[in-house]
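# Working through the structure, step by step
In case you want the letters, here they are:
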Amino acid sequence: MRQFYDRILALVFAIALSVAAAGLAHAGPYEDALEKFTTDDFADTADAVTAVATSGNPLAAQLIQALQNGQLQYSTKDKKVFIKTADGKLIDAETGKPFDGTAPDDLDTVRVNNRLRGVIDAANGALTLSAPDPNKRYESAQQVFRSRDAAVLPAIDKALETEKVARVKKVLNEARAAILLAADDTAAPDRIAAIEVIGARGDQDSLALLRALPADMPAEVSAAANSAIKAVERKLTLWSMVQNAWYGLSLGSVLLLAAIGLAITFGVMGVINMAHGEMVMIGAYTTYVVQDLIRANYPGLFDYSLAFALPLAFLVAAIIGIAIERTVIRFLYGRPLETLLATWGISLVLMQAVRGMFGPTNKEVGNPSWMSGAFDLGGILITYNRMWIIIFTGIVFVALLGMLRFTRLGLEMRAVTQNRQMAAAVGIRTARIDALTFGLGSGIAGIAGVALSQIDNVSPNLGQGYIIDSFMVVVFGGVGNLWGTLVGALTLGLANKFLEPFAGAVLAKIAILVFIILFIQKRPRGMFALKGRSIEA
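The present account deals with the structure reproduced in this document. (Residues numbered from 1 in each chain as written. Predicted model: local features only at pLDDT ≥ 70, side-chain atom pairs only at ≥ 80, totals over all residues. Heavy atoms only, no water.)

## Points about the overall build of the protein chain
To keep things clear, this is the line we draw: Counting from the N terminus, the helices are the DSSP runs of H or I reaching at least four residues and the strands are the DSSP runs of E reaching at least two. All radius of gyration figures rest on C-alpha atoms, and the globule criterion is 2.2 Å times the number of residues raised to 0.38. Relative accessibility under 20% of the residue-type maximum defines a buried residue, over 50% an exposed one, and the middle range a partly exposed one, all with a 1.4 Å probe and only protein chains included. What makes two residues a contact is simply this: any of their non-hydrogen atoms within 4.5 Å. The sign given to each residue is positive for Lys and Arg and negative for Asp and Glu; His and the chain ends receive no count. Where a charge sits is defined by one atom per residue type, namely NZ (Lys), CZ (Arg), CG (Asp) or CD (Glu).
For the protein chain, the helix and strand inventory stands at 22 helices and six strands. Expected size for 537 residues packed as a compact globule is a radius of gyration near 24 Å; at 35 Å, the protein chain overshoots this value by more than 25%. Principal-axis analysis of the C-alpha atoms gives the protein chain an extent of 135 × 65 × 40 Å. In the protein chain, buried positions account for 43% of the 537 residues. The long-range fraction of contacts in the protein chain, counting pairs at least 24 apart against all pairs at least 6 apart in sequence, stands at 69%. Averaging the locations of the 48 positively and 46 negatively charged side chains of the protein chain gives two centres separated by 14 Å.

## Looking at empty space enclosed by the protein
As a reminder of what qualifies: Only protein atoms enter the calculation, which uses a 1 Å grid: trapped sets of points that fit a 1.4 Å probe without letting it out are cavities, open sets showing protein on both sides within 12 Å along at least five of seven lines are pockets, and any residue with an atom within 4 Å of a point is a lining residue. Grid points are joined across faces, edges and corners, and a volume is the space filled by probe spheres set on the points. Under this grouping Gly is polar, as are all residues other than the nonpolar Ala, Val, Leu, Ile, Met, Phe, Trp, Tyr, Cys and Pro and the charged Asp, Glu, Lys and Arg.
One pass over the full model with this rule turns up three cavities of 30 Å³ or more. Forming the walls of the largest cavity are Leu251, Leu255, Asp469, Met472, Val473, Leu492, Asn496, Lys509 and Ile512. Mapped by element, the contributors of at least two residues to the lining of the largest cavity are α11 (219-269), α19 (464-477), α20 (482-503) and α21 (505-522). The element that contributes the greatest number of residues to the lining of the largest cavity is α19, accounting for three residues. Along the lines of polarity and charge, the residues of the lining of the largest cavity split into six nonpolar, one polar and two charged. Thr50, Ala53, Thr54, Val119, Ala122, Ala123, Ala126, Asp149 and Val152 are the residues that line the second largest cavity. When contributions to the lining of the second largest cavity are tallied by element, the ones reaching two or more residues are α3 (42-53) and α5 (114-127). Among the elements that take part in the lining of the second largest cavity, α5 stands out by supplying four residues, more than any other. Considering only residue class, the lining of the second largest cavity consists of six nonpolar, two polar and one charged.

## Concerning the pairing of strand β2 (residues 80-84)
Filter applied, for reference: By definition, two strands form a pair when at least two bridges between them are found by DSSP.
Note: strand β1 (residues 72-75) against β2, four bridges, orientation antiparallel. Of the residues in β2, the one forming a bridge with Ser75 is Lys80. Connecting β1 to the next strand, β2, in antiparallel fashion are four residues, including Lys79 with a positive phi near 55°. The pairing of β2 with strand β3 (residues 90-92) spans three bridges and is classified as antiparallel. Across the sheet, residue Phe82 finds its bridge partner in β3, namely Asp92.

## Observations regarding the sheet that holds β3
Strand order in the open sheet formed by four strands is β3-β2-β1-β4, with antiparallel pairing between adjacent strands. The open sheet terminates on both sides in strands that have one partner only, identified here as β3 and β4 (108-109). As paired elements, β1 and β4 share two bridges and run antiparallel to each other. Looking across to β4, one finds that Tyr74 is bridged to Asp108.

## Things to note about the packing of aromatic side chains
Counted only if it meets this: Geometry of aromatic contacts follows a simple scheme: Phe, Tyr and Trp rings, the Trp one being its six-membered ring, pair when their centres are within 6.5 Å, and the pair is stacked under 30 degrees between planes, edge-to-face over 60, tilted otherwise. Charges are assigned to positions over rings by a cutoff of 6 Å between ring centre and Lys NZ or Arg CZ, combined with an angular limit of 35 degrees from the ring normal.
Within the structure shown, the criterion is met by nine aromatic pairs. Among the aromatic residues, those joined into a ring-pair cluster are Tyr285, Tyr288 and Phe358. Here the basic side chain of Arg167 rests over the ring of Tyr138, its NZ or CZ set 4.6 Å away from the ring centre.

Here it is, written out as structure tokens:
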């Protein structure tokens, strides 16, 4: 009988030992960290977030997301942490399973302050350092670089051991260097190595990090930091010039798109068309109408809205342009001042007509998905809408050159431009060419309006912002010369953007206007004057 009791006691002891071992095995960094959420102390919560993020527990991401969203709750009495779902149910944070019991009566939400939000951001970064998507790992490493949380350093080291993607590994090294550089107990050789990595990154964040180093650093560390700061400043200055060049190219393409139609009408017909800006405005409003119809009836086609708007804007603006030429301008050839006054009056009529139809306020014209957003190229930021406008401007310019060079209409337009009387003598119907030319120039202004609607406000005054700049481009480049218009637009665009940082936007425009006035005094025909008997006479 005694042997039987001994066996029972041994079995009970073994079971107890197994349960204890299971409990010890179950406990870990994640479970230990949960209790700190129940103290309602910001320091304890910060320590708990870091411990959870580095625990490797599969529930860590869900818990930190709940904390970030204000859904993490705790019971001080029961020392339990819960995740509250959108429908009000509770999930046990320790097991990840729904909580079936009665909710504790002292249940409260874990509080978050500004410091904790930074810790949470760093924790989110640490959690995604091992994500399958390299883009997520890249963004995570960038997040850690900005937070510089020393608690994430083990996760960074672990990620570096397995990372194979070069750009992600580079940012991981930069994040590690940023953490070491910000830490107080980093040895001098490690700090110098970190300075080299941060200096090689070479952006504004790197410069701020290097400048934030304490002044009482060892001499060799201070020397390395000063050298890195100078190198970063030189690099940033160079990239700033490249960024200004990109902005200048972007502005130049916009000016070219707005002026290219004016160059045709001014060159062929000698008409100072002050209503040219309103053709641009009509193209922009055509885009608005097309997008409004697509939103209301076929929202799935919105990304293709510009493909529908381009031909319609060309046709609408071209028809209005031909109507203006046939009803008003053809009676005023040879009287430039009167054409200026007449087209100025037409521009006022068109603006008022648009105000009456659409109202005086700005209209919303959206960017298709493929024209939205931006990306970094080296040290500059390139927006997709500006990039596509530059590409579109190049396509329009090449197509127009091809039309003038290889079509009958282009040949006749060039003949009328060079010598109207001789062109009429050989049978070219100059009145027909005038109408088609005015329609072509107006149509190109219409498709310019489609492009400008993606970067500017669509309002009745849209064209007024480009008419003066368009005339400056045409006169500076050479009347009627498309290559001169191209060079003039890019030159003025670049000059404007390089002057703005020093003189401001208004003074930069004034300086360019004064330059063009002085330039025209020396070269009245612009940079690239057309050759022809009537012109040379």
